[in-house]
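This is what each chain is made of:
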Amino acid sequence: MVFQMLEDRILVWRFNHGRPEVLHHVYDKYRTDLLTLAMALLGDLAAAEDVVQDVFLSLLRLSGRLKFTGSLKGYLATCVTNGARNILRAHRRHPTGGLDDADPMAAPDTRPDAAAIIEEQLHQLRWALSQLPYEQREVLVLRVYGQMPFKEIARQQGIPTNTALGRYRYAIDRLRSMLDGEVRT
Amino acid sequence: MRPAEEVYELMQKLRATPRPEYDERVHSAMANAIAELMNTPTAVPQPSIWRTIMESRTTRLAAAAVIVLAAILAVTFFNKTSGIVWAEVVQRLGEIRTVSYRITADIEGMQGTPEGYTTHLTQDVLVSYEPGAVRIDSTLQLPGGTRKSQTYLLFEDRVAITVIPEQKKYFKVIIGEEQMQKMGQENGDPVTLLKAMLEHKYTELGRKSIDGVAAWGIHVSDPKLGTKMGSFISGGMFDQTTVELWVDEKNELPIRIDAAGSSRDGRASMKMVYDGFQWDIPIEPARLKPQIPEDYELVAQAKWEAGREGEEIIDVLRLFVEFADGRYPASLRTVTVVNALAPALKQKLSAKPGQELIARLMKVDMVGMMYTTLEREGKDPAYYGDRVSAAAPQAVLFRWKIGDGTYRVVFGDLRTEDVSADKLIQLEGTSKKEHE
């Protein structure tokens, strides 16, 4: 964690001091997390890919003056979230899919039968995620994939911290219910 | 109902792996945008002062404070055992716009002083990062009296100017464009420093009170520090260097630096203290511009060009043929070179030196830094002045790599020859046998 923080700060420092090419490294470092986050929000691989790419191209315009509070990953996750919102607003559509194109990763030592169970659970999870109200889904994925503190999520969404916490709990409870087959609507 | 942790873990397993063609698309789009950005004037900030400051002789001691602490701090990210979040310190330093501080130094064995005499040096330093400029007001107490000078390093003009008001004289060092760019690409930023520093040992000094302020410190001392980190810490001046850095617990910015350097033969040493740091203070632009009256004489003008370090060192060695009967300095650390050359000059130089000679003598002060540059750039330099003189014209005196597997060899008579690595081994083997 300390190393990651060090590396991120140095990357940002270099980015702000005439080295925009370090953004390639930043992309390689966080692409999976950011694409997963965008997919979870938009449920559409092509749209998610566009959002992540746009975030990095937009960042280049900030070369020399990139500043943020909190972690670099959190900052990027916020940018992706804003991009996803813009897309949804522009297309006036609701996220539908979940993570149908996602590549679930099972533990390497998982036995075939156990892998099949996990795959089935992941399939259910994709569906369940797509059923969550967007505000709850946003808090959930920022927390899980962006690893952002609730305080930061709340600031980003312009809501009290307790509201962000509440949305997260609702989202988790709803997912638990749906995964247990209690809610199928 | 399954526990919340299980849902969280399941979500962690849900990952979207970017397709290779998508990765390629993003990298390509970024590369194009970066190329466009780089071609836009002033779109990308110019190489920062951090990356350039240490290359000037005139500022290296003073500016070392800022550079050194960045180097040392970077390492401590990996050892978060103190009360300071070192990452925050480095970030703060990267955001600093101006700083002023004072250096006080006691120098023993300085050329031109009696044995056992301690020379006192005081420097008041002003640094502005945007625009990049440094001003150093120096006071040097010598046996014959006090000598005052002002040095200005102007990054936009790529020039360093030292003014000596009492003598109505000034010196100028012009830094070549390529050298500036090169420094911007590879020197001085925290990542470069971090890599270098990780090869060395460092220790945490814990917490102590400095003038009533709680501070945390670290210490770096390594026999190799003087060579590998030479340009960052002492501009290649000394063979041995140790540095202690103390950071204010409250504002997490440096409060004091203690540095010590010594030559291998122990004849020269220096102890320095950097303190009185004031961060982000307003500085009148006029204070950073030299005001040189018309009746002041330009004593000499030198130039630092990238990639010519080896040739410049040969030019310095040529001074030993002309003035020291071909007896070369034992090492290419600045202090050793100055100590070896100064008595010979005093003895042989009957008239006042001309501008051309002064310009060459100015290179002596940069020789340690030039050698360090060759080391840092992986040019595999080696110097054998401790056993080779002009009396051994076939012996290898100095060499460095000029290309893949090719070395430029400088012999005792300063003749040069480009040879393969195999041939170099043979030549150095012969030189060693002859010496034994």
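Since this is a predicted model, take the numbers as computed values, not measurements.

What counts, and at which threshold
Residues numbered from 1 in each chain as written. Chains lettered and ligands numbered in written order. Predicted model: local features only at pLDDT ≥ 70, side-chain atom pairs only at ≥ 80, totals over all residues. Heavy atoms only, no water. Helix = DSSP H or I, 4+ residues; strand = E, 2+ residues; numbered from the N terminus. Polar contact = N/O pair within 3.5 Å; in protein donor to acceptor, adjacent residues only side chain to side chain. 1 Å grid on protein atoms, 1.4 Å probe; cavity = no way out; pocket = protein on both sides within 12 Å on 5 of 7 lines; lining within 4 Å. Points joined across faces, edges and corners; volume = space filled by probe spheres on them. Nonpolar A, V, L, I, M, F, W, Y, C, P; charged D, E, K, R; others polar. Salt bridge = Lys/Arg side-chain N within 4 Å of Asp/Glu carboxyl O. Buried < 20%, exposed > 50% of the residue type's maximum accessible area, 1.4 Å probe, protein only. Core = buried A, V, L, I, M, F, W, Y, C linked by side-chain atoms within 4.5 Å. Contact = heavy atoms within 4.5 Å. Pairing = 2+ DSSP bridges. pLDDT = per-residue confidence, 0-100.

Caption draft 1: Molecular detail of the side chain of B:Gln123. Relative to the assigned elements, B:Gln123 resides in strand S2 (residues 118–129). There is a polar contact of 3.0 Å between the side chain of B:Gln123 and the side chain of B:Ser138.

Caption draft 2: Representation of empty space enclosed by the protein. Residue and element names in this part refer to chain A. As enumerated under the stated definition, the model contains five cavities of 30 Å³ or more in all. Empty space within the second largest cavity amounts to approximately 50 Å³. Around the second largest cavity sit Leu11, Val12, Phe15, Leu23, Val26, Leu59, Leu66 and Leu72, which together line it. No other element matches helix H1 (residues 2–16), which puts three residues into the lining of the second largest cavity. Along the lines of polarity and charge, the residues of the lining of the second largest cavity split into eight nonpolar, no polar and no charged.

Caption draft 3: How the structure looks around the pattern of salt bridges. Residue and element names in this part refer to chain B. Enumeration according to the criterion identifies 21 salt bridges over all chains in this entry. With a closest N to O distance of 3.0 Å, Asp295 and Lys168 form a salt bridge. Of this pair, Asp295 sits in the loop between strand S11 (269–279) and strand S12 (297–304) while Lys168 is found in the loop between strand S5 (159–164) and strand S6 (169–175), placing the two residues 127 residues apart along the sequence. Assessed through its relative accessible area of 41%, Lys168 is described here as partly exposed. When the shortest N-O distance is used, the salt bridge between Asp380 and Arg399 registers 3.2 Å. Linking Asp380 in the loop between helix H13 (367–376) and strand S13 (382–383) with Arg399 in strand S14 (residues 396–403), this pair joins segments that are 19 residues apart in sequence.

Caption draft 4: Up close: the nonpolar core. Counting residues in each nonpolar core, the largest one holds 64 residues, and the members touching the most others are A:Val52, A:Phe56, A:Leu76, A:Leu125, A:Leu140, A:Leu175 and B:Met11. A total of 13 residues in this core trace back to one element, the largest contributor, which is helix H2 (residues 22–42) of chain A. Here A:Leu175 is in contact with A:Leu125, A:Ala128, A:Leu129, A:Leu132, A:Leu140, B:Val7 and B:Met11, once residues within four sequence places are set aside. Residues B:Ile314, B:Tyr328, B:Leu341 and B:Val410 belong to the second largest nonpolar core, which totals 40 residues.

Caption draft 5: Spotlight on the pairing of S14(B). Residue and element names in this part refer to chain B. For S13 and S14, the ladder comprises two bridges, and the chain directions are antiparallel. Bridge pairing in S14 places Ala382 opposite Arg399. Direction of pairing for S14 relative to strand S15 (residues 406–411): antiparallel, over a ladder of six bridges. The partner of Trp400 across the bridge, within S15, is Arg408. Hairpin geometry of S14 and S15 is characterised by an intervening segment of two residues between the two adjacent antiparallel strands and by a positive phi of about 70° at Gly405.

Caption draft 6: Structural detail: the sheet that holds S13(B). Reading across the sheet, the four strands line up as S13-S14-S15-S16 (chain B) and stay open at both edges, with antiparallel pairing between neighbours. Of all the strands in the sheet, the pair left with one neighbour each is S13 and strand S16 (416–420) of chain B.

Caption draft 7: Representation of the environment of A:His17. Residue and element names in this part refer to chain A. Note on placement: His17 falls in the loop between H1 and H2. You can call His17 buried: its relative accessible area is 15%. Between the C-alpha atoms of His17 and Arg65, which are 48 residues apart in sequence, the distance is 8.9 Å.

Caption draft 8: Molecular detail of the confidence of the model for chain B. Residues and elements named next belong to chain B. Taken over all residues, the pLDDT of chain B has a mean of 73, while the share at 70 or more is 73%. Per-residue pLDDT, averaged within each element of chain B, yields its smallest value for helix H3 (residues 49–52) (30) and its largest for S15 (94). Segment residues 41–82 is flagged for pLDDT under 50; beyond a separation of four residues in sequence, or across chains, it makes 160 contacts in the model. Taken together, the chains of this predicted complex give a pTM of 0.50 and an interface ipTM of 0.81.

Caption draft 9: A look at unusual backbone geometry. All names here are of chain B. Of note, Lys168 is a non-glycine position whose phi angle comes to about 55°, a positive value. Here Leu414, not a glycine, exhibits a phi torsion of approximately 70°, which is positive. Within the element layout of this structure, Leu414 appears in the loop between S15 and S16. The buried category is assigned to Leu414, whose relative accessible area is 9%.

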